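Given next are the chains, with one letter for each unit.
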Amino acid sequence: MSKTILVTGASRGIGRAVALLAGARGWSVGVNYAGNREAAEKTVADVVAAGGKAVAIAGDVSREANVIAMFDAVTAAFGPLDGVVANAGIVGDKQALVDMDASRLERMFAVNTLGAFLTAREAARRMARSRGGKGGSLVLVSSIAARIGSPFEYVDYAASKAAVDTLALGLSKELGPEGVRVNSLRPGLTDTDIHASGGQPDRAHRLGVTTPFGRPGKPEEIAEAILWLLSDAASYTSGAIIDISGGR
Ligand code: NAP
């Protein structure tokens, strides 16, 4: 069945891979991005080439008005939502907590935690049956950092994702009666731009060789699991925290 979804942070990396897989299924995709319009438009063109529909939507997930506007934009383009992927996220430079300043911590929790909460709240408002929605699936993209803690690298990031896991546990219970499934998906090391954004462009491959599979994951391998959670095949899955981490 064709679906309409919104994917935050879909211009690059894991979010882009989700958009492309959804496009190959003929789905309609809201492709949110923060600032990289060119990358977002490339994702849109590739979704359309894959057989789906897509629209690029700028917006910062840490800003409430932007989040509301991105939901309005995807609904205006394609109709009521069936699924939402709260995927947008950031890391910081490699630092121990003793060296982190408040502005770094504020930004980390603003994007990764507040951003996920605002996206989840808006998904709840739009998809809950008692509010006129048709039910659906919300996938929160967390990280196995939530159970590792990421010492000397980014404990702020790890903790920002642990909050997302807890959100999935509680919100799944609030929204089960509303026909909305909520799950947390925790990728392991995945080969995307995020590591370069944190000043460690070689990180995925450097650490990937130490994992059971001896390599980092590909964004497409993470996206497969997200697509499953969005699909009707996952109809009895909610409140789950699922690691896709090559055994790490
Ligand atoms: P990425 O390649 O760096 O892509 C990040 C995406 O998020 C881009 O589309 C970016 O948009 C968007 N974005 C960043 N800040 C945003 C904001 N404030 N508002 C809206 N969009 C924003 O990252 P990735 O590796 O695909 O990561 C995706 C998710 O997976 C993140 O939540 C990350 O924490 C999680 N994760 C990744 C890994 C990994 O090893 N890669 C492992 C575990 C979990 P622009 O292109 O416009 O900048």
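Before reading on, note that the structure itself is shown above.
So, here's what we can say about the structure.

So, about the overall build of the protein. The number of helices and strands found in the protein is 9 helices and 7 strands. In terms of overall dimensions, the protein is globule-like: its C-alpha atoms have a radius of gyration of 17 Å, near the 18 Å expected for 248 residues. Buried residues in the protein amount to 52% of all 248 residues. For the protein, contacts bridging at least 24 residues in sequence account for 73% of all contacts bridging at least 6. Surface exposure of the protein reaches about 10,700 Å², of which carbon and sulfur atoms provide 55%. Charged side chains of the protein number 27 positive and 25 negative; the gap between the two group centres comes to 4 Å.

Okay, the side chain of Asp-156 next. Mapped onto the elements of the fold, Asp-156 is located in helix 6 (residues 155-175). With a relative accessible area of 2%, Asp-156 lands in the buried category. Engagement of the side chain of Asp-156 in a polar contact is seen with the side chain of Arg-104, the distance being 2.8 Å. Once you skip the residues sitting within four places of it in the chain, Asp-156 turns out to touch Met-100, Arg-104, Leu-105, Met-108 and Phe-109.

Okay, helix 2 (residues 37-50) next. A rise of 1.5 Å per residue sets the reference length of helix 2, with its 14 residues, at 20 Å; its end C-alpha atoms lie 20 Å apart and thus fit the reference within 8%. Among the residues of helix 2, Ala-39, Ala-40, Thr-43, Val-44 and Val-47 are the ones counted as buried. Across the axial projection of helix 2, the buried residues extend over an arc of 145°, all falling on one side. The outward face of helix 2, more than 90 degrees from its buried face, is lined by the exposed residues Glu-38 and Ala-49. After helix 2 finishes, the residue Gly-51 shows a positive phi value of roughly 115°.

Rules and cut-offs
Residues numbered from 1 in each chain as written. Predicted model: local features only at pLDDT ≥ 70, side-chain atom pairs only at ≥ 80, totals over all residues. Heavy atoms only, no water. Helix = DSSP H or I, 4+ residues; strand = E, 2+ residues; numbered from the N terminus. Rg over C-alpha atoms; globule rule 2.2 N^0.38 Å. Buried < 20%, exposed > 50% of the residue type's maximum accessible area, 1.4 Å probe, protein only. Contact = heavy atoms within 4.5 Å. Areas by Shrake-Rupley, 256 points an atom, 1.4 Å probe, with all protein chains shown as cover. Lys, Arg positive; Asp, Glu negative; His and termini not counted. Charge placed at Lys NZ, Arg CZ, Asp CG, Glu CD. Polar contact = N/O pair within 3.5 Å; in protein donor to acceptor, adjacent residues only side chain to side chain. Expected span 1.5 Å × (residues − 1). Arc of directions from axis to C-beta.

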